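# Residue-level structural notes
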Amino acid sequence: MSDFASLLSSFKQDASAVSAASKSGAAVAKGSNKERQQNIPSRKRPLATTSAPASPHFPSMHSNKHKNTDFELTFLGIGAQKAGTTWLHKLLQKCSDISLPQEQKEVHFWDWHHRKGFEWYIRQFDFHSQKASSASAPHYGEITPCYVVLPEATIAELYKCFPNLKIIFVARDLVDRAWSAMIMELRDQTMGLSAGEFANGVTGTDKNNNSNHANKRTKLSAAQQRRLEQQSSPSSQPDSYFMDRLRNATHDSRSNYAKHLSNWYKHFPSSSILLIDYREIESNPRDVLLKVAMHIGVEEEQAKQFVTSLNDKEVGQRVNAATSSGSGASTVSSSTSSHQLLTQRPMLKKQMERYLQPYARDFNDMLKTKGYDWRLDDFSLKKEIL
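Report on the accompanying structure. (Residues numbered from 1 in each chain as written. Predicted model: local features only at pLDDT ≥ 70, side-chain atom pairs only at ≥ 80, totals over all residues. Heavy atoms only, no water.)

## Things to note about the overall build of the protein
Along the backbone of the protein there are 19 helices and seven strands. Looking at the protein residue by residue over its 386 residues, the buried ones come to 50%. Excluding contacts between residues fewer than 6 apart, the proportion of contacts in the protein whose partners are at least 24 apart in sequence is 77%. Here the protein has roughly 18,200 Å² of accessible surface; of this, 49% comes from carbon and sulfur atoms. (Helix = DSSP H or I, 4+ residues; strand = E, 2+ residues; numbered from the N terminus. Buried < 20%, exposed > 50% of the residue type's maximum accessible area, 1.4 Å probe, protein only. Contact = heavy atoms within 4.5 Å. Areas by Shrake-Rupley, 256 points an atom, 1.4 Å probe, with all protein chains shown as cover.)

Structure, rendered in structure tokens:
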């Protein structure tokens, strides 16, 4: 076996070990390790299921919120996946009037970790220390793109707990978003991770395993790194592979913006839900930040000061691009790279457009109904290739 094959095999074995440890950690962890695991959210993405998960019912959550704490969740970023939400999280962290989770971006409390209790959720923020200080309470919130597909019962529970909650959803072109998500998935699977897991593993008790896993990859030579990237390249898979993945419950569900947003509109007033055009992040990122900050509740003057305090490099930075390498960061303007990969496969692009067209039309109808003056491409004017 070649050195590269041996390293890659070892790399994947470590990934499998990390994944297995993640699944069994709750049964093994004891004492301080168990407590630490309970305080840090898993970095595994929730996978789609054929039936809606049960609502995270907290028998005394609403009453306890008022009796035991004055914590008030101000906003949630609920999607879309691969639509600039990490960029938004990074920059909102720089606003002194806004408080986001300390450990990581995606908390997954309302889908995965609700059984850990509301006090666990509060600990993900810097609430207690901020409450002890003399400073005024900031706007607490988090961004987990998977929240858009929460079952309606969970959304109803959220409204009962936080009726003044502000919702933010960034809508990206359906073909570009799905393509970017599938590229990320392919890359992660090539690196030995199961579909639905982050490329850099999990946290908590698996931290050492994850570190060893990352160290092995850094030991690969430049040539070996290139070979690994070639194996995870979209060109390594036929069109049928991507269409099968697009029809998969996970990708299909996250492409149906209107279906899932309608559940949010059933419980929250339209004025509480802000829909953002992803293209505006590329063309007017400062305007987007100002719009979001004011929607959250930051006073206009403070919001303007926050936006103007950011330098152009910060505002133009986009992270976790599916096609990026090295540090995993790229500029907003380079987001066209994954799109360019798809334009090289016109037959696949046309198939994706046909499949996603009904979802685009449904979402555009929603935009019109809610009074927005922008629309997603619904592919209706595209010339047939076949």
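Text resumes after the structure shown.
## So, the sheet that holds strand β5 (residues 273-277)
One open sheet holds the five strands; their spatial order is β2-β3-β1-β4-β5, and the pairing between them is parallel. Only two strands of the sheet have a single neighbouring strand rather than two, namely β2 (98-99) and β5. As defined by bridge partners, β2 adjoins strand β3 (residues 139-143) across two bridges and the pair is classed as parallel. Paired with S99 across the two strands is Y140, which belongs to β3. Running over the sheet, helix α4 (residues 85-92) touches β1 (73-79), β2, β3 and β4 (166-171) and is turned about 155 degrees from β3. (Pairing = 2+ DSSP bridges. Axes fitted to C-alpha atoms, helices over the stretch in contact; angles between N-to-C directions.)

## Notes on unusual backbone geometry
G79 connects to A80 through a cis peptide bond whose omega is -5 degrees. Notably, K82 is not glycine yet its phi reads approximately 60 degrees, a positive angle. Relative to the assigned elements, K82 resides in the loop between β1 and α4. The residue F379 is not glycine, and still its phi comes out positive at about 65 degrees. Taking the relative accessible area as the measure of exposure, F379 reaches 7% and is therefore buried.

## Overview of the packing of helix α7 (residues 152-161) against helix α13 (residues 257-267)
Between two packed helices, both the angle of their axes relative to each other and the distance between the axes serve to describe the pair. The geometry of α7 relative to α13 is characterised by a closest axis approach of 9 Å and an angle of 35 degrees between their N-to-C directions. The crossing of α7 and α13 is right-handed. Where α7 approaches α13, its residues E152, I155, A156, L158 and Y159 are matched on the opposing element by N263, W264, K266 and H267. (Left-handed = near helix turned anticlockwise from the far one by under 90°.)

## Details of the packing of aromatic side chains
Tallied over the full model, the rule gives 22 aromatic pairs. On the basis of an interplanar angle of 80 degrees and a centroid distance of 5.1 Å, the ring pair of F109 and W110 is categorised as edge-to-face. One exposure class covers both F109 and W110, and it is buried. Residues F118 and F162 carry aromatic rings whose centres are separated by 6.1 Å and whose planes lie at 35 degrees to one another, so their mutual orientation is tilted. Here F162 lies in the loop between α7 and β4 and F118 lies in helix α5 (residues 118-123), a separation of 44 residues in the sequence. A residue is classified by how much of its surface remains accessible, and F162, at 0% relative accessible area, is buried. Joined through ring pairs, the aromatic side chains of F71, F109, W110, F118, W120, Y121, F125, Y140 and F162 make up one cluster. Lying across the ring of Y265, K370 places its NZ or CZ 4.0 Å from the centre. (Phe/Tyr/Trp six-rings, centres within 6.5 Å; stacked < 30°, edge-to-face > 60°. Lys NZ or Arg CZ within 6 Å of the ring centre and 35° of its normal.)

## Regarding the environment of L367
Within the fold, L367 resides in helix α19 (residues 346-369). Classification of L367 by relative accessible area gives buried; the value is 0%. The contact partners of L367, leaving out residues within four places of it in the chain, are L275, Y372, W374, R375 and L376.

## Quick look at the pairing of β1
For β1, a buried count of seven out of seven residues is recorded, marking the element as mostly surrounded by other parts of the structure. Pairing between β1 and β3: four bridges, direction parallel. In the sheet register, L76 faces β3, and the bridge partner there is E142.

## Some points on the pattern of salt bridges
Throughout the structure, instances matching the rule amount to 13 salt bridges. Two residues, K105 and E106, come together in a salt bridge whose shortest N-O distance is 3.5 Å. Note on K105: relative accessible area 11%, which makes it buried. (Salt bridge = Lys/Arg side-chain N within 4 Å of Asp/Glu carboxyl O.)

As far as function goes, none of this settles anything; it's purely spatial.
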